[in-house]
Amino acid sequence: MELQNGHYTLQGFDVGELVSRYQTPLYLYDTSVIQHQIGRLQKAFDVPELGIHFACKALNNIHILKLMKDWGIGLDTVSIQEIWIAKRAGFPPERILYTPNCVGTDEIEMAIQEGVQINVDHIETLEYIGHHHPGTKVGIRINPHVMAGGHEKLSVGHIDSKFGISIYQLPLVLRLVDALKLRVNGLHMHTGSDILDSGVFRLAAEILFDAARKFSDLEFIDFGSGIKVAYKADDVYTDVEELGQVLSESFNNFCREYGKPLKLYLEPGKFLVSEAGYFLVRTNVIKQTPSTVFAGVDSGLNHLIRPMFYDAYHHIFNLSHPLGKPRVYNIVGYICETDTFANNRVVAEIRPGDILCFKNAGAYCYTMSSNYNSRFRPAEVMLHGGRDHLIRERETLEDLLRHQQELI
Ligand SMILES: *Cc1c(COP(=O)(O)O)cnc(C)c1O
């Protein structure tokens, strides 16, 4: 977003004008950012076949997913419902990965019927597939136990993690593969969001290659994601160009040794969409207490929970008063619960009615929203091809009551 003559613009649109038209709270997505990020990954990796699968739990609006399909990438799903949405968006099953955790065999069964590539993360699921669906190709999600991740809740590779099949259980996996004639066509790892550097990736990759040497029919190796993006100016973020170079080199070496060009899969969520999204809210009140100046806005943890859930930092600026005198605020929501978006944050002077804009609101924002306090979920607007498109309406009272039965 750029400041031009006192107005913030995005893709040539006056954002204040979009806000007057669509009202707040509002999610706004700039699709050119997504396309740019896909291009960066494609350029960074130099391998025979790169398969980018967008982790759609980050942003699941079907219009965005349809664009991803047109741009030639696949999806990574974590639930049967995400598989159904992927199908509705027009993805063929061969472009859908399914990497669930702690789901029952009923859901595994449905995923097999849908014909998608499953990455199994539980020994008993392997046994189930071997017994009931011999011949079905499966990927195995390995937990390499590499410590990574920016926040305890985002780190999934450590020893206490519930994700994946432990690398220490590999001998048991191999015994099952042999006994049940399992067709293992891929190995997978996802060591958690917010990995800081390519050194950690490389370390985990080497562990995965070691495991891969024990399987003879692999078609792909999936390095998951964990690519970190910057949420503030001085944040550390993953250098994907360096990551691409480092990983491509060790991957190509491995393929040469393996005797076959495998496909390299990635499952970026945040990297593709975080910076494409903005969240716009209106200031309801400026409330001065003995110790603090609160800016209370027309949203809360019901619409954007990352600051409360992960202590995530989202940059916030005053869209209505960009040149106002900088002052210190606690920016809080209207939910009856402590829902602080930002503590002691310097923002250009905020007046009641001012529109505040949150950056990095494309990933894990709308998808983690709820109806807590019986509030409606926001609208979503996408800027694409020089036009603004309303891609999800704001909810109404009917949405809140829709599945509640009328009792007589
Ligand atoms: C959530 C998830 C991702 C995406 O992680 P990001 O940090 O958003 O890139 C990738 N793979 C799996 C299996 C996931 O669960």
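Within every chain, residues take consecutive numbers counted from 1 along the sequence as written. The predicted nature of this model means local features are confined to residues of pLDDT at least 70 and side-chain atom pairs, given and counted, to a pLDDT of 80 or more, with totals for whole chains, interfaces and linings taken over all residues. Just so you know, side-chain values use all the structure's heavy atoms and leave hydrogens and water out.

### Here's the deal with a nonpolar patch on the surface
Like-charged residues are merged into a patch within 9 Å and nonpolar side chains (Val, Leu, Ile, Met, Phe, Trp, Tyr) within 5 Å, provided each residue has over 30% relative accessible area and no salt bridge. Only the protein chains shown count as cover for residues, with accessible areas throughout obtained via the Shrake-Rupley method and a probe of 1.4 Å. Any carboxyl oxygen of Asp or Glu within 4 Å of a side-chain nitrogen of Lys or Arg constitutes a salt bridge here. Taken together, the side chains of Phe376, Leu397 and Leu401 make up a nonpolar region of the molecular surface, amounting to roughly 250 Å² of accessible area. By the element assignment, Phe376 lies in the loop between strand S19 (355–358) and strand S20 (379–384). A helix here means a DSSP run of H or I that spans at least four residues, while a strand means a run of E at least two residues long, and both kinds are numbered starting from the N terminus.

### A closer look at the nonpolar core
As used in this record, nonpolar core signifies buried Ala, Val, Leu, Ile, Met, Phe, Trp, Tyr and Cys residues forming a set joined through side-chain atoms within 4.5 Å. Throughout, exposure labels follow a simple rule: accessible area from a 1.4 Å probe, protein chains only, divided by the maximum for the residue type, with under 20% read as buried, over 50% as exposed, and the rest as partly exposed. Ranked by size, the top nonpolar core spans 102 residues in total, and within it Phe54, Leu187, Phe223 and Ile331 carry the most contacts. Sort the elements by how many residues they give to this core and helix H8 (residues 198–212) lands first, with eight residues. Not counting residues up to four positions away in its chain, the partners in contact with Phe223 are Met189, Phe201, Ala205, Leu208, Phe209, Leu247, Phe251, Leu264, Tyr265 and Leu266. Judged by nonpolar contacts, the second largest core, of 18 residues, contains Tyr8, Leu10, Tyr22 and Cys357. Only heavy atoms enter the contact rule, under which two residues are in contact if any of them lie within 4.5 Å.

### Points about the domain arrangement of the protein
We note that the domain assignment places domain 1 (2–29 + 274–401) and domain 2 (60–268) within the protein. Where each domain starts and ends follows an automatic or database-derived domain assignment. A C-alpha centroid distance of 34 Å is found between domain 1 and domain 2. Between domain 1 and domain 2, the contact holds 17 residues from the first and 13 residues from the second. Contact between domain 1 and domain 2 buries roughly 1,400 Å² in total, counting both sides, with carbon and sulfur atoms accounting for 59%. The interface formed by domain 1 and domain 2 includes zero salt bridges. At the level of secondary structure, the elements contributing two or more residues to the side of domain 1 that touches domain 2 comprise helix H11 (306–310), S20 and strand S21 (387–392). Throughout this entry, Asp, Glu, Lys and Arg are counted as charged residues, while Ala, Val, Leu, Ile, Met, Phe, Trp, Tyr, Cys and Pro are counted as nonpolar. The remaining residues, Gly among them, count as polar. When the residues that make up the side of domain 1 that touches domain 2 are grouped by side-chain class, the tally is six nonpolar, six polar and five charged. Simply put, the buried area is the total loss of 1.4 Å probe accessible area from both parts when two parts are fitted together.

### Considerations on helix H5 (residues 105–114)
Buried within H5 are the following residues: Glu107, Ile108, Ala111 and Ile112. Viewed end-on, H5 has its buried residues packed into an arc of 145°, placing them on one side of the element. Of the residues in H5, the exposed ones pointing more than 90 degrees away from the buried face are Asp106 and Gln113. Among the structural elements, helix H4 (80–88), strand S7 (96–98), strand S8 (117–120) and helix H6 (123–132) are those in contact with the buried residues of H5. Phi turns positive, to about 75°, at Gly115, one or two residues after H5. Comment: arc refers to directions from the helix axis out to C-beta atoms.

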